[in-house]
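# Topology and contacts: notes
Now for the letters of each chain:
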Amino acid sequence: WLPISAFFPHAPRRVAKLAEMGNQRARSRGLRHGTRALFARPFRMKGTLNATTFLRTFRIGDYVDIKVNPAQQKGMPYLAYQGRTGIVWNVTPRAVGVEVNKQIGGRVARKRIHVRIEHVQHSRCREDFLKRRKENDDAKIEAKKAGKTIVTKRTIKGPRSAFTLENVVSEILTPIPYDIVREGIKY
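Note that the coordinates shown come from a computational prediction; the quantities given were computed from them, not determined experimentally. (Residues numbered from 1 in each chain as written. Predicted model: local features only at pLDDT ≥ 70, side-chain atom pairs only at ≥ 80, totals over all residues. Heavy atoms only, no water.)

## Some details on the overall build of the protein chain
- Each helix and strand in the protein chain was counted, giving five helices and five strands.
- Taken across its 187 residues, the protein chain has 18% of its residues classed as buried.
- In the protein chain, 54% of the contacts between residues at least 6 apart in sequence involve partners at least 24 apart.
- Summing over all exposed atoms, the protein chain offers an accessible surface of approximately 16800 Å²; the carbon and sulfur share of this is 55%. (Helix = DSSP H or I, 4+ residues; strand = E, 2+ residues; numbered from the N terminus. Buried < 20%, exposed > 50% of the residue type's maximum accessible area, 1.4 Å probe, protein only. Contact = heavy atoms within 4.5 Å. Areas by Shrake-Rupley, 256 points an atom, 1.4 Å probe, with all protein chains shown as cover.)

Here's what the structure looks like:
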């Protein structure tokens, strides 16, 4: 009987090397697992960050969208918060505290996380509401000057009004029988 090393002189080193590498078939469950596409930058948008990123002003109560920028690994939120909209509740020199809703089982929990400013951007979720509110306020001021009352509530657009077609003549279409002798074979 001979040991394996007699046939394969590098076997012990190879086995030790494989042991160092760990289980190659194990599934990764790290903090950034499965984020190759999720955190990837768009085409032609890779590289260092713009100065504009650091010059944006965030105030308490602002609505912000969490959008991870992989060029900055510090202050990166967990992948579950990617794409979420939250409200700023704290401002620090390099980061903002964001309050986000997160569904846990059957309940919705309000989570407070600190995210570096590279990973947040001002949300546009309230633009339509603010625009509509300003238009309504202006309309109310104009109506008050004119001495009228107006309703600024949004109403559902109902079905279109009915109409009747006049002078309609029905026409009956019948198929013409196909005759191969009369038509002839065309190639």
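## Side note on helix α4 (residues 127-146)
- Over its 20 residues, α4 extends 29 Å from the first C-alpha to the last, a length consistent with the 28 Å expected when each residue adds 1.5 Å.
- Just beyond α4, the residue with positive phi is glycine 147, at close to 80 degrees. (Expected span 1.5 Å × (residues − 1).)

## What about the pairing of strand β4 (residues 107-116)?
- When strand β3 (residues 95-104) meets β4, the two strands line up antiparallel, connected through ten bridges. Within β4, the position partnered with alanine 95 by the bridge is arginine 116.
- Hairpin connection from β3 to β4: two residues lie between these consecutive antiparallel strands, with glycine 105 at a positive phi of about 65 degrees. (Pairing = 2+ DSSP bridges.)

## Some remarks on the pairing of β3
- Note: strand β2 (residues 85-91) against β3, four bridges, orientation antiparallel. What sits directly across from valine 91, in β3, is valine 96.
- Where β2 folds back on β3, the antiparallel hairpin that results is connected by three residues.

## So, the side chain of threonine 53
- In this fold, threonine 53 is placed in helix α3 (residues 51-55).
- Within the structure, the side chain of threonine 53 is placed 3.3 Å from the backbone oxygen of asparagine 50, a separation counted as a polar contact.
- Residue contacts for threonine 53: discarding those within four places in its chain leaves Ile117 and Glu118. (Polar contact = N/O pair within 3.5 Å; in protein donor to acceptor, adjacent residues only side chain to side chain.)

## What to know about the sheet that holds β2
- Ordered in space as β4-β3-β2-β1-β5, the five strands form an open sheet in which the pairing is antiparallel. Each edge of the open sheet carries a strand with a single partner, namely β4 and β5 (120-122). Along the sheet, successive strands turn relative to each other by an average axial angle of 45 degrees, direction set aside. (Axes fitted to C-alpha atoms, helices over the stretch in contact; angles between N-to-C directions.)

## Observations concerning the layout of surface pockets
- What the largest pocket holds in volume is close to 360 Å³.
- Surrounding the largest pocket, 18 residues form its lining, Arg41, Met45, Thr53, Asn69 and Gln121 being those nearest its centre.
- Broken down by secondary-structure element, the contributors of at least two residues to the lining of the largest pocket are α3 and β5.
- Classifying every residue of the lining of the largest pocket gives five nonpolar, seven polar and six charged. (1 Å grid on protein atoms, 1.4 Å probe; cavity = no way out; pocket = protein on both sides within 12 Å on 5 of 7 lines; lining within 4 Å. Points joined across faces, edges and corners; volume = space filled by probe spheres on them. Nonpolar A, V, L, I, M, F, W, Y, C, P; charged D, E, K, R; others polar.)

## Topic: a nonpolar patch on the surface
- On the surface, Phe163, Leu165 and Val168 cluster together into a nonpolar patch covering about 400 Å² of accessible area.
- Here leucine 165 lies in the loop between α4 and α5 (180-183).
- The exposed category is assigned to leucine 165, whose relative accessible area is 64%. (Patch = residues over 30% accessible without salt bridge, like charges linked within 9 Å, V, L, I, M, F, W, Y side chains within 5 Å. Salt bridge = Lys/Arg side-chain N within 4 Å of Asp/Glu carboxyl O.)

## Description of the pattern of salt bridges
- The tally for this structure, following the rule as stated, stands at six salt bridges.
- Here arginine 124 ties to glutamate 127 by a salt bridge, and the two come within 3.2 Å at their closest N and O atoms.
- The exposed category is assigned to arginine 124, whose relative accessible area is 62%.
- Relative accessible area serves as the criterion here: at 43%, glutamate 127 is assigned to the partly exposed category.

## Some points on the nonpolar core
- If you look at the biggest cluster of nonpolar residues, it comprises twelve residues: Phe58, Val64, Ile66, Tyr81, Val88, Val96, Val98, Val100, Ile113, Val115, Ile117 and Val120.
- Listing elements by their share of this core, those giving two or more residues are β1 (63-66), β3 and β4.
- Examining the composition of this core, we find that three residues originate from one element, β3, more than from any other.
- Sequence-distant contacts of isoleucine 66, that is, excluding residues within four places in its chain, are made with Pro77, Tyr81, Gln82, Gly83, Arg84, Val98, Val100, Ile113, His119 and Val120. (Core = buried A, V, L, I, M, F, W, Y, C linked by side-chain atoms within 4.5 Å.)

That is the geometry; function is a separate question.
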